[in-house]
Amino acid sequence: IQEACGLIYRVYASNRAGDSGHGDKDFAKGEKALREGNVKSASRYYKSACGRGHGLACTLLARMYIDGSLTSDPRKAFKLYEKGCKYNNGYACSQIGDVQLKAGQVDQARETYYKTCGKIGYSLAGECLTAAELYNGGFGSNFYNKEMSKWMLAHGCSLNDSASCRSYAHSLLDIGFTPHPTPQD
């Protein structure tokens, strides 16, 4: 568990976008507890920080419910991801988009990936490609907005996502682009 928590800390601690300053002290205490391997204490501090609008705290707490650091509870994790996304944490939004896409909720997923790619301060480059595909009829979507799709690809490319760059180049040449295959469970 301590090794998993350390990994969570290293992967997500650098993503502080969307944190409004609320709950920063509790979040810092949670980070310290997590580094020390005290998962229960970290979860209490993250819960407090999340309740005060700290998006990353919500996201880390959700991750703990997914990876088994705390009692496994996917429903609680999803609610925490929703909260984290509401507070503009990109990773939380990405997780919600993945669930929506797997459930066939392409319209909701398109909006979620749009937020993840370009609307929040911390954009996730890979999500720009997925958003572009959803704006270009991919994943079973019947929605087409080629200009928005190109913008998503350009933004993903500006974030150094090579797949977005390739697709953007193709879209500029009017070749089109081939979306990834629909994710399978």
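This write-up is about the structure you can find in this document. Computed from a predicted model, the values in this text were never measured in an experiment.

Here is what the cut-offs are and how they apply
Residues numbered from 1 in each chain as written. Predicted model: local features only at pLDDT ≥ 70, side-chain atom pairs only at ≥ 80, totals over all residues. Heavy atoms only, no water. Helix = DSSP H or I, 4+ residues; strand = E, 2+ residues; numbered from the N terminus. Buried < 20%, exposed > 50% of the residue type's maximum accessible area, 1.4 Å probe, protein only. Contact = heavy atoms within 4.5 Å. Areas by Shrake-Rupley, 256 points an atom, 1.4 Å probe, with all protein chains shown as cover. Patch = residues over 30% accessible without salt bridge, like charges linked within 9 Å, V, L, I, M, F, W, Y side chains within 5 Å. Salt bridge = Lys/Arg side-chain N within 4 Å of Asp/Glu carboxyl O. Lys, Arg positive; Asp, Glu negative; His and termini not counted. Charge placed at Lys NZ, Arg CZ, Asp CG, Glu CD. Polar contact = N/O pair within 3.5 Å; in protein donor to acceptor, adjacent residues only side chain to side chain. Core = buried A, V, L, I, M, F, W, Y, C linked by side-chain atoms within 4.5 Å. Expected span 1.5 Å × (residues − 1).

**Some details on the overall build of the protein**
Then, number 1: When helices and strands are tallied, the protein shows ten helices and zero strands.
Then, number 2: Put simply, the protein runs from its N terminus to its C terminus through helices and strands in the order α-α-α-α-α-α-α-α-α-α.
Then, number 3: Taken over 185 residues, the protein has a buried fraction of 48%.
Then, number 4: The long-range share in the protein, meaning contacts at least 24 apart out of those at least 6 apart in sequence, stands at 54%.
Then, number 5: For the protein, the accessible surface area stands at approximately 9,600 Å², while carbon and sulfur atoms represent 50% of it.

**Things to note about a positive patch on the surface**
Then, number 1: A cluster of basic residues, Lys47, Lys76, Lys83 and Lys86, forms a positive patch at the surface.
Then, number 2: Examining the composition of the positive patch, we find that three residues originate from one element, helix 5 (residues 74–86), more than from any other.
Then, number 3: As for its placement among the helices and strands, Lys83 is situated in helix 5.
Then, number 4: Under the relative-accessibility criterion, Lys83 is labelled partly exposed at 34%.

**Re the pattern of salt bridges**
Then, number 1: For the structure on display, the rule yields three salt bridges.
Then, number 2: Arg52 is the salt-bridge partner of Asp26, the closest N and O atoms lying 2.3 Å from each other. Remark: Arg52 occurs in the loop between helix 3 (39–51) and helix 4 (55–67) and Asp26 occurs in helix 2 (residues 24–35); sequence separation between them is 26 residues.
Then, number 3: Note on Arg52: relative accessible area 47%, which makes it partly exposed.
Then, number 4: Between Glu36 and Lys32 there is a salt bridge, with the nearest N and O atoms lying 3.1 Å from each other.
Then, number 5: For Glu36, a relative accessible area of 52% corresponds to the exposed category.

**Regarding the side chain of Asn89**
Then, number 1: Its location among the elements puts Asn89 in the loop between helix 5 and helix 6 (90–102).
Then, number 2: Under the relative-accessibility criterion, Asn89 is labelled buried at 0%.
Then, number 3: Here the side chain of Asn89 touches Thr59 through a polar contact of 3.0 Å, side chain to side chain.
Then, number 4: From its side chain, Asn89 meets the backbone nitrogen of Ala92 in a polar contact 3.1 Å long.

**Observations regarding the nonpolar core**
Then, number 1: Ranked by internal contacts, the top residues of the largest apolar core, which has 26 residues, are Phe27, Tyr46, Leu61 and Met64.
Then, number 2: Considering every element that reaches this core, the biggest residue donor is helix 4, with eight residues.
Then, number 3: Setting aside residues up to four positions removed in sequence, Met64 forms contacts with Leu34, Val39, Ala42, Ser43, Tyr46, Ser69 and Leu70.
Then, number 4: If you look at the next biggest cluster of nonpolar residues, it comprises 14 residues, including Val106, Ala109, Tyr113 and Leu129.

**So, helix 3**
Then, number 1: Along its 13 residues, helix 3 runs 18 Å from first to last C-alpha, staying within 8% of the 18 Å computed at 1.5 Å per residue.
Then, number 2: Among all positions of helix 3, only Val39, Ser41, Ala42, Ser43, Tyr46, Ala49 and Cys50 are buried.
Then, number 3: Immediately downstream of helix 3, the backbone of Gly53 shows phi near 95 degrees, a positive value.

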